[in-house]
Amino acid sequence: MALRGVWQLQKLIVSYCDWGGSSRGIRAFMESHLPAFKEINPQLEVVTELIRGQHPHLKGFYKNKNQRVICVKNMAPEDVLHHATRLRNALGRKVIKLKTRHVTKHPSVQGTWTTALKY
């Protein structure tokens, strides 16, 4: 996703094994979908990496020095494309758990309004 018009994903590494059965889907993805994915995303550096004996994964490096790794073993080429697109669309921020459903800078002194309040 673009933050202020700048894409946050800088580099995408596609790691696979040329022998293992769990890499079958990502090898088909590299033949069919990866060239079109590179053309659609010229701002993105896509690197393929051969790692023998390991399960395939996608690794994304973001501008804020964070990285995300997604294991894509035994996935279809369309699912690998979906995960690559999700990595491209992400901002690269760490996921934080919210303490409440409503987040505000100035919480109400009287409490949160609900429909169960009586006059």
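This one's a predicted model, so the numbers in the text were calculated from it and none came from an experiment.

Another point: the overall build of the chain. A count of helical and extended segments in the chain gives three helices and six strands. Helices and strands appear in the chain in the N-to-C order β-β-β-α-α-β-β-β-α. The C-alpha radius of gyration of the chain comes to 20 Å, more than 25% above the 14 Å expected for a compact globule of 119 residues. Projected onto the principal axes, the alpha-carbon positions of the chain cover approximately 70 × 30 × 20 Å. Per-residue burial for the chain yields a buried fraction of 29% across its 119 residues. Restricting the contact set of the chain to residue pairs at least 6 apart, pairs at least 24 apart contribute 71%. Side-chain charges in the chain split into 20 positive and 7 negative, and the spacing between the mean points of these groups amounts to 19 Å.

Tallied over the entire structure, the rule returns one salt bridge. The partner of D18 in a salt bridge is R52, with the nearest N and O atoms 3.1 Å apart. Highlighted residues: D18 in the loop between strand 3 (9–16) and helix 1 (24–32) and R52 in the loop between strand 4 (45–50) and strand 5 (57–62), separated in sequence by 34 residues.

A separate point is the UniProt feature "domain: Ribosomal protein/NADH dehydrogenase" (unreviewed entry) in the chain. When the UniProt feature table is mapped onto this chain numbering, "domain: Ribosomal protein/NADH dehydrogenase" (unreviewed entry) sits at residues 18–91. Taken end to end, residues 18–91 comprises 39% helix and 23% strand; its first and last C-alpha atoms sit 31 Å apart.

Relative orientation of the contacting elements helix 1 and helix 3 (residues 77–89) amounts to 75 degrees, with a least axis distance of 8 Å. One finds that helix 1 runs roughly perpendicular with respect to helix 3. Contacts from G25, I26, A28 and F29 of helix 1 reach helix 3 at P77, V80 and L81. Residues that form the contact of helix 1 with helix 3 fall into these classes: six nonpolar, one polar and no charged.

This part takes up the environment of R4. Mapped onto the fold, R4 is located in the loop between strand 1 (2–3) and strand 2 (6–7). Residue classification places R4 among the exposed residues on the basis of a relative accessible area of 80%. Between the alpha carbons of R4 and N66 there is a distance of 18 Å; along the sequence they are 62 residues apart.

About the criteria used
- Residue numbers here run from 1 along each chain, matching the order of that chain's written sequence.
- Per-residue local features of the predicted model are confined to residues with pLDDT of at least 70, and side-chain atom pairs are confined, for both listing and counting, to 80 or more; whole-chain, interface and lining totals are unaffected and use all residues.
- Heavy atoms throughout the structure, all of them, feed into the side-chain values; hydrogens and water do not.
- What counts as a helix is a DSSP run of H or I of at least four residues, what counts as a strand is a run of E of at least two, and both are numbered from the N terminus.
- Note on method: radius of gyration uses C-alpha positions; expected globular size equals 2.2 Å times residues raised to 0.38.
- When a residue's accessible area, from a 1.4 Å probe over protein chains only, is under 20% of the maximum for its type it is buried; when over 50% it is exposed; and in between it is partly exposed.
- In this analysis, two residues are considered to be in contact whenever any of their non-hydrogen atoms come within 4.5 Å of each other.
- Within this scheme the basic residues Lys and Arg register as positive and the acidic residues Asp and Glu register as negative, but His and the chain ends are omitted.
- Charge positions come from single atoms, namely NZ of Lys, CZ of Arg, CG of Asp or CD of Glu.
- We count a salt bridge whenever a side-chain nitrogen from Lys or Arg sits within 4 Å of a carboxyl oxygen from Asp or Glu.
- UniProt positions are given in the numbering used here, feature names are shortened, and annotations may be inferred rather than shown by experiment.
- Between N-to-C directions, angles span 0 to 180 degrees; the directions come from axes that are lines fitted to C-alpha atoms, helices contributing only their stretch in contact.
- By the definition adopted for this analysis, an angle is roughly parallel if under 35 degrees, roughly antiparallel if over 145, roughly perpendicular if from 65 to 115, and oblique otherwise.
- Charged means Asp, Glu, Lys or Arg here, nonpolar means Ala, Val, Leu, Ile, Met, Phe, Trp, Tyr, Cys or Pro, and polar covers whatever is left, Gly included.

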